[in-house]
Amino acid sequence: MKEIYLAGGCFWGAEHYFRNIDGVVDTEVGFANGDTPSPTYEQVYTDTTGYAETVRVIYNPDTLPLEELVRDFFCAIDPLSLNKQGEDEGTRYRTGVYYSDPADSASIRKVFDEVQALYAEPLAVELLPLKNFFTADGRHQDYLIKNPDGYCHLPLKIFRYPRLVSDLKHLLGDEPDFVARLSNAAALVKEKMGFFWTGFYLVGPANVAPGSHGHGTPSPDGKELILGPFQGPFACMRIGYGSGVCGTAWKEGKTIVVPDVDAFPGHIACSSASKSEIVVPLFKDGQVAGVLDIDSDELSTFDQIDAFWLEKLVAVL
Ligand code: SME
């Protein structure tokens, strides 16, 4: 087992997130890299002690490489926000990754560089050796388990996704049949997340029969997206290359988040109840083999948290 210290804003929510991630063995909240010895929560709360609210994460590097854990950490923070996460403000809510093993710094740095490449502004996240760590008193350990309705700066869905991915791995096991895997994946996502429509479109031979009525035109090599296993209202069965959100995600080979489907040029409305959408490509041998399409009957349901975790979810398939 190994340990890493992650400061991701208020430690109540941060701990609740990390504990759900497969490969995390134990968590403990406390205060890292400050000045006065053995600080109390109340002292740290004054924001004069130099400490950051931090989660000590014990993990199994064989199942959860440190790089992956650090990527998971970045999913739960605003990396450009200095001393502020959600509505929590102060140096105690600064973000940082603090390592106790100097050998870890290179893999952490690799992820920092990856994330930095996504932004023009410098990251506001510290990457430092651990100077000190003091455990917070018992009231703060497992806070959101003890207080399920307690305050949290993170959205609820971020706690559900790690469980969802873990449940899916266990549910599918080593079942070799792709349709069986996709069918149960659609059912599990629907059951756990309650989205309006969850399903797959798979790249297959275009229907060239006279009068066939797909949306858009096939790819140059004669393929189109064909409706696969899904949960929700009936849907359009064929989507062309570059058509709608699904065909665009296929063509571009990347996840597309659509906060308002009416504002997406060429969106294909299978149901007028669908208001926002996310489409995540499924890759096989480096090629897009299909897409996961999720629709919501509310606007702006999906963001980078959904994109990050749904990309992990489709990798299980
Ligand atoms: N809206 C999708 C079509 C599929 S349905 O949402 C189920 C699109 O524009 O590609």
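Attention here is on the structure that accompanies the text. (Residues numbered from 1 in each chain as written. Predicted model: local features only at pLDDT ≥ 70, side-chain atom pairs only at ≥ 80, totals over all residues. Heavy atoms only, no water.)

### Some words on the sheet that holds strand β14 (residues 287-296)
Move 1: Overall, antiparallel pairing links the 6 strands, which are arranged β11-β10-β9-β14-β13-β12 in an open sheet. Of all strands in the sheet, those with a lone pairing partner are β11 (238-239) and β12 (256-258), marking the two edges.
Move 2: Taken together, the 3 bridges between β12 and strand β13 (residues 276-284) define a ladder with antiparallel strand orientation. Directly across from Ile256, in β13, lies its bridge partner Val279. (Pairing = 2+ DSSP bridges. Helix = DSSP H or I, 4+ residues; strand = E, 2+ residues; numbered from the N terminus.)

### Comments concerning the side chain of Glu224
Move 1: With respect to the helices and strands, the residue Glu224 is situated in strand β10 (residues 223-231).
Move 2: Polar contacts involving the side chain of Glu224 include one to the main-chain amide nitrogen of Asn207, which spans 2.9 Å.
Move 3: A distance of 2.8 Å separates the side chain of Glu224 from the side chain of Arg238, its partner in a polar contact.
Move 4: Contact partners of Glu224, with chain neighbours within four places excluded, come to Leu202, Val203, Gly204, Pro205, Ala206, Asn207, Pro218, Arg238, Ile239, Gly240 and Trp250. (Polar contact = N/O pair within 3.5 Å; in protein donor to acceptor, adjacent residues only side chain to side chain. Contact = heavy atoms within 4.5 Å.)

### Quick notes on the pattern of salt bridges
Move 1: In this structure the tally under the stated criterion is 23 salt bridges.
Move 2: Taking the shortest distance from any N to any O, the salt bridge between Lys131 and Asp35 comes out at 3.6 Å. On the criterion of sequence distance, the pair formed by Lys131 in the loop between β7 (125-129) and β8 (133-135) and Asp35 in the loop between β2 (24-32) and α2 (41-45) is long-range, its members being 96 residues apart.
Move 3: Taking the relative accessible area as the measure of exposure, Asp35 reaches 57% and is therefore exposed.
Move 4: Its salt-bridge partner being Asp72, residue Lys312 comes within 2.7 Å of it at the nearest N-O pair. (Salt bridge = Lys/Arg side-chain N within 4 Å of Asp/Glu carboxyl O. Buried < 20%, exposed > 50% of the residue type's maximum accessible area, 1.4 Å probe, protein only.)

### Quick look at the nonpolar core
Move 1: Judged by nonpolar contacts, the single largest core of 71 residues is most densely connected at Ile4, Tyr17, Phe18, Leu69 and Phe74.
Move 2: Shared between two domains, this core holds at least three residues of each, these being domain 1 (2-154) and domain 2 (161-316).
Move 3: Excluding its chain neighbours within four sequence positions, the residues that come into contact with Ile4 are Val55, Arg56, Val57, Tyr59, Leu66, Leu69, Val97, Tyr98, Tyr99 and Ile108.
Move 4: Counting residues in each nonpolar core, the second largest holds 19 residues, with Tyr201, Val245, Cys246 and Ile256 among its members. (Core = buried A, V, L, I, M, F, W, Y, C linked by side-chain atoms within 4.5 Å. Domains from an automatic or database assignment.)

### Description of the pairing of β13
Move 1: Of all 9 residues in β13, 7 are buried; the element is thus mostly enclosed.
Move 2: Across 9 bridges, the pairing between β13 and β14 is antiparallel. If you follow Phe283 over to β14, its bridge partner there is Val288.
Move 3: Taking the residues between adjacent antiparallel strands as the criterion, β13 and β14 are bridged by 2 residues, where Asp285 takes a positive phi near 50°.

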